[in-house]
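What follows is each chain in one-letter form.
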Amino acid sequence: MKNNDRRKFTMKMQKKLMVLFLVVAALFLFLIFRLYTITRDNGDSYRRQILSQQKYDSTVIPYKRGSILDTNGSVLASSEKVYNIILDSVALAKNAENPETTFQTLRTELGIDVTKARDYFEANKEKSRYYVVAKKFTYDQVQPLMELLDDKESDVTGLWFEDEYQRVYPGGTLACDVIGYTTSDNSGLYGLEQYYNAELSGVPGRTYGYMNEEGSLERTTVPAEDGNSIVTTIDANIQSVVEKYLRKFNEQYANNAHFGNGANNVGCIIMNVHNGEVLAMASYPDYDLNNVRDKSKLIGRQLLTEDGKYAYDEETGTKIYITEENVDSIEGDALYKNFDALWKNYCISDAYEPGSVSKPLTVASAIESGAITGNETYDCGGFLEIGGHKIHCHNRYGDGRLTVTEGVERSCNVAMMHIAQAMGVRNFTKFQHIFNLGLKTNIDLSGEARTNTLIYTASNMNASELATCSFGQGYNCTMIQMISAFSSLINGGYYYEPHMVKKIINSSGATIENIEPRLLKQTISQETSNKIIEMCNQVVTGEYGTGKTARPAGYIIGGKTGTAQTLPRGNGEYVVSFLGYAPYDDPEIAIYVVVDRPNVFAQDDAKYATRIVRSILTEVLPYLGIFQTEELSEKEKKELEELQIELITPQRNEEEEENPENAEGGEEQQPEEPAPSNNEIWKTFKIDPVTGYAIDPNTGDYVDPVTGATIGYKMEENVQTDENGNQTFSNENNIKVAGEGSNNGEDEDAPW
Amino acid sequence: MANRFTILKNSKIRYFDTLLLLILMLIIIFGLVMLYSVSSYDGSVNYGDSAYYLKRQLGATVFGLILMGIVAFLPYHLWEKLRVFVYLFAVLMLLLIIPFGTRVNGAKRWIYIGGVSIQPAEIAKFAIVVLLAQLLVRLGSKINSWKGLLVAVAPSVPLIGMIYIITGNLSSAIIVAAITFVLCFVASSDYKKFLIVILALIAIAALYIFIVVKNNEGGMGFRGERILAWLDPDAYASGKGYQTLQALYAIGSGGFMGKGIGESMQKLGYIPEAQNDMIFAIICEEIGFIGAVCIIVMFLLLIWRFVIIATNAPDLYGALLVVGVMSHIAIQVILNIAVVTNTIPNTGISLPFISYGGSSVVILLIEIGLVLSVQRSIKYRDVV
């Protein structure tokens, strides 16, 4: 190496390097100080500046929310493009000869009150380019205006249109509880709209502008991605039949025993038993999805307070109903609670004691667990004494010796209690679990109630609770739980997860996902299933069957009635129901109707439910292609003809409704073939001409002339003391209600 | 470790600056993260791939790291021999822009070779470091005279002229000039001359600004307009002041803690070229003042490592190479942040290792390789 190549980096140079470093460090420090001052002095104003230019330079392109279709592709919910009219004051002032022409055109073409817009224009001629004149016009409405704007000759100018999508529900109230609705910012609330919100939502697009290096504005557009549509299992035809009869029921019984709706709630589910698809699900009172905050829909409901409990009159302690007079005074949280009760889906969100419809479950569990064979007989003396309590049958006079089938047919509590005793607490609770009671069904709807704390476990169930649970009192379930469990009883033991949506399609119509039926478990064997079907057929066809009135003309169906007491016991309030299926020999569909506290004097009559089932099935079974198998009586023929006429000429609808009581009443009093025997003393009672019930000469109670059930009966009596009548069921109060749908659970007085 | 001890026995233990590499890696990784955050929107809008810029930058970075490794293992005296070749190569590349250059955003700065775009001005920065270091070693104490200084500056002048005339890229020209200035400053034992030069430059700049402001109306070209926009960005909000103003909005709106990584609003098309020269503004918006200070401190630490290595370099050539690299990085960082904060008029200077730009990152990493090569030849006994 050359000498000068190996020259060292001298001390002097090192010193200069240090100077250099210090200069650099000082400059860095200065820049940090600059950053600090910018942040400190201008932070807020710059933040506002950013937000304001965000609005000015870029516009969001709305996406189209996916549609909700019924099983045949009919639209249940869709989003339609609507147009907002925007006034560009600067452009109007600059381009128009007479700005008034534009305002007049708006007034004449669209009937908009333009005084506000005109005032705004006068005040902001120089600066404003964005003022919303009016919102949500359809294309047809704004089309003439668009032509005028394009027309160079006309003096209409300074306007443009902003797109928006509006959710439209062509059916109005149709399937309202199932569908749910959408808020103005496109997020779904309740039902399918909420559950499938992520699928239905798209991604908004954006047009944004920015200055390039030459300082001119450039625009780029990212198009919006539309949401996916869902095809539900709901059949709009079946759904509307169901809703028609729920509405009819309400018309018939509204303001009957007291002011208010025909019942607190009426719910109906129709399900395909072979795959868990829900064909129809409805409850009354309903609401209009296009106008969800319509207060008039609240009228007739029981008033809820701010904390979601039933309101009672402070002086008399009676229930308060929402009337036309007091509806406007409901405000704030209370209004929300009342609306929430209206909007939620009774069929999945409300838990109640199912009552006797659960008896087939009890029998099936007992047979399946081997506790009984199904050939046993039980002696019903009208009550059974368990743990010191007399637990009554609804027929206090006793049905005598009954087979298991007859026990189901006549809905005998005593027989069920014996069966449950035979099987024991462990088996009973095990089978409740197998039937998914206490568990969510995971149906694809938002708002399903949790009922895990509303049933007993093997560890906290004692003998008397086992006895009452055997006939469906003492635990709670939801309608969807019950019909899903029941479907597995009659389809050979296959428990399907109930579901509402069978297909998801994208905005161009291509299928993204097929949702297949989910078979979760085998609950019982085929043999047991066959036995249960036989028993349930007896309920409708048997001589003493409680569900005769559910049978539509020309068909044989099977099922089970339910008449459940509510809390507190003895309040005279009942949840009556019918859970059935058709055809009777090879069930295809299951139907469940629950009437929660019908607005009648004597509520404990399952006919309020069976008649609805009958009406619905009369129309639905032919629609489903299930043929009539039975001869029609003259009366039935006439009835069907009338129905035909009613369906063809809707005008007659109203005329007939004027005296529906008579038509139904006639059937109710239909004289049964007298078949008196020793133990059927109620058949000898005098019939009260007013109510149609027989009267027990000893007690003065009303008695069902066919089944012998005492109307307004108390199922249970405390043998020891009458004062502590509630103690027999004291355990009830320990069951805490945790269901989302139960807003009155911790209220002791709250009826179920 | 065993290796180390044997080296120690031979008293030939090699010094290795782990801290330098660590800081470098931190800056690079942080840079890539921020680049992705800043450019994903632009990438998805213009190229349909949110990682478009990230992928390209990652490729360049990996390529640069490989070259860095190679250069680090080559003896740095090799560059003493190659210096003229490198210099002529830079000149050639600059000249090639005239026939083959690609015009992007109105400026002809790039040459495409086999699908890769190269910015010859970046090569010129490397060339001047390599060449000038050797020249200063040869000049020795002659540098202290005005004549010697002129000799030292001579090779820079044609490069600066070509960069400015051919590419119209004032900022690269300024950087080459500044590297020359700093190297001469460190090599000479004089302060006075350099102070005079600085004061003279400030005076010229002030005069220029004064003239521009005076002739406000009369078109002073786009540079004049930039000066005016610098003095009052709000008045030129829709023109030359737009980018600066938007950058200031970004910094101000970020506040002390920032909006969070990925949360910047200004990157959504409001700041043109946000992934290039203005990336620091978005960094301020997303990670706030605190985060920005952390970045600056990291750069300062990096520069401090250069000072340590230069001080301990085995010979003057090595030391000056390190000083050249150091000045290159320091100047770019300072100018970039100064532009973003509107401390100086807007001129396009990228932030080393963080801004998007393949040529820049490759050249910078090769320069780091040079520093590592110098640092490798430091013997332990040499360390002060």
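Read on for an overview of the structure. (Residues numbered from 1 in each chain as written. Chains lettered and ligands numbered in written order. Predicted model: local features only at pLDDT ≥ 70, side-chain atom pairs only at ≥ 80, totals over all residues.)

### Looking at the overall build of chain B
Alright, step 1. The helix and strand inventory of chain B stands at 14 helices and three strands.
Alright, step 2. Scored against the burial criterion, the 384 residues of chain B give a buried share of 50%.
Alright, step 3. A separation threshold of at least 6 residues defines the contact pool for chain B, and within that pool the share at least 24 residues apart is 69%. (Helix = DSSP H or I, 4+ residues; strand = E, 2+ residues; numbered from the N terminus. Buried ≥ 20, exposed ≤ 12 C-beta atoms within 10 Å, placed from the backbone. Contact = placed C-beta atoms within 7 Å.)

### Some remarks on the nonpolar core
Residue and element names in this part refer to chain A.
Alright, step 1. One finds C268, I269, I270 and Y592 to be the most contacted residues of the largest nonpolar core, which totals 143 residues.
Alright, step 2. It is helix 14 (residues 413–434) that contributes the most residues to this core, eleven residues altogether.
Alright, step 3. In this structure Y592 touches C268, I269, M479, M482, I483, S577 and L579, once residues within four positions along its chain are discounted. (Core = buried A, V, L, I, M, F, W, Y, C linked by C-beta atoms within 7 Å.)

### Regarding the interface of chain A and chain B
A common way to express how large an interface is: the accessible area buried when the components associate.
Alright, step 1. Across the boundary between the two partners, chain A contributes 40 residues, which contact 50 residues of chain B.
Alright, step 2. Elements that contribute at least two residues to the side of chain A that touches chain B include exactly helix 1 (11–57), strand 8 (205–211) and strand 9 (217–222) of chain A.
Alright, step 3. Of all the elements, helix 1 of chain A adds the most residues to the side of chain A that touches chain B, at 26 residues.
Alright, step 4. Residues belonging to the side of chain A that touches chain B are distributed by class as follows: 20 nonpolar, eleven polar and nine charged. (Nonpolar A, V, L, I, M, F, W, Y, C, P; charged D, E, K, R; others polar.)

### Observations regarding the environment of F9 of chain A
Alright, step 1. Inspection of the secondary structure puts F9 of chain A in the segment before helix 1.
Alright, step 2. For F9 of chain A, a count of 23 C-beta atoms within 10 Å puts it in the buried group.
Alright, step 3. Those residues in contact with F9 of chain A that lie beyond four places of it in its chain are Q14 of chain A together with A310, T311, A313, L316 and A319 of chain B.

### Here we look at the environment of L320 of chain B
Alright, step 1. Looking at the secondary structure, you find L320 of chain B in helix 13 (residues 316–340).
Alright, step 2. In this structure L320 of chain B touches A133, L136, V137, L183 and A187 of chain B, once residues within four positions along its chain are discounted.

### Some words on the pairing of strand 15 (residues 389–392) of chain A
All names here are of chain A.
Alright, step 1. The alternating pattern of strand 15 places H389 and I391 on a buried face and K390 and H392 on a face that is not buried.
Alright, step 2. Pairing of strand 14 (residues 383–386) with strand 15 involves four bridges; the strand directions are antiparallel. Bridge assignment links I386 to a residue of strand 15, and that residue is H389.
Alright, step 3. Connecting the antiparallel pair strand 14 and strand 15 is a turn made up of two residues, with G387 showing a positive phi of about 55 degrees. (Pairing = 2+ DSSP bridges.)

### Digging into the sheet that holds strand 21 (residues 558–565) of chain A
Residues and elements named next belong to chain A.
Alright, step 1. An order of 12-11-23-22-21 is seen for the five strands of this open sheet, with the pairing classed as antiparallel. Two strands close off the open sheet at either side, each with one partner strand: strand 12 (278–284) and strand 21. Mean inter-strand twist for the sheet, computed between neighbouring axes without regard to direction, equals 5 degrees.
Alright, step 2. Sheet analysis places strand 21 next to strand 22 (residues 574–582), joined by eight bridges and oriented antiparallel. Paired with G558 across the strands is Y581, a residue of strand 22.
Alright, step 3. Each of strand 11 (263–272), strand 21, strand 22 and strand 23 (589–598) touches helix 18 (residues 607–623); the most contacted strand, strand 23, lies at about 145 degrees to it. (Axes fitted to C-alpha atoms, helices over the stretch in contact; angles between N-to-C directions.)

### Some words on helix 14 (residues 358–376) of chain B
Alright, step 1. When the terminal C-alpha atoms of helix 14 of chain B are compared, their 27 Å separation across 19 residues agrees well with the 27 Å that a helix rising 1.5 Å per residue should span.
Alright, step 2. In terms of burial, helix 14 of chain B is a largely internal element, 16 of the 19 residues being buried. (Expected span 1.5 Å × (residues − 1).)

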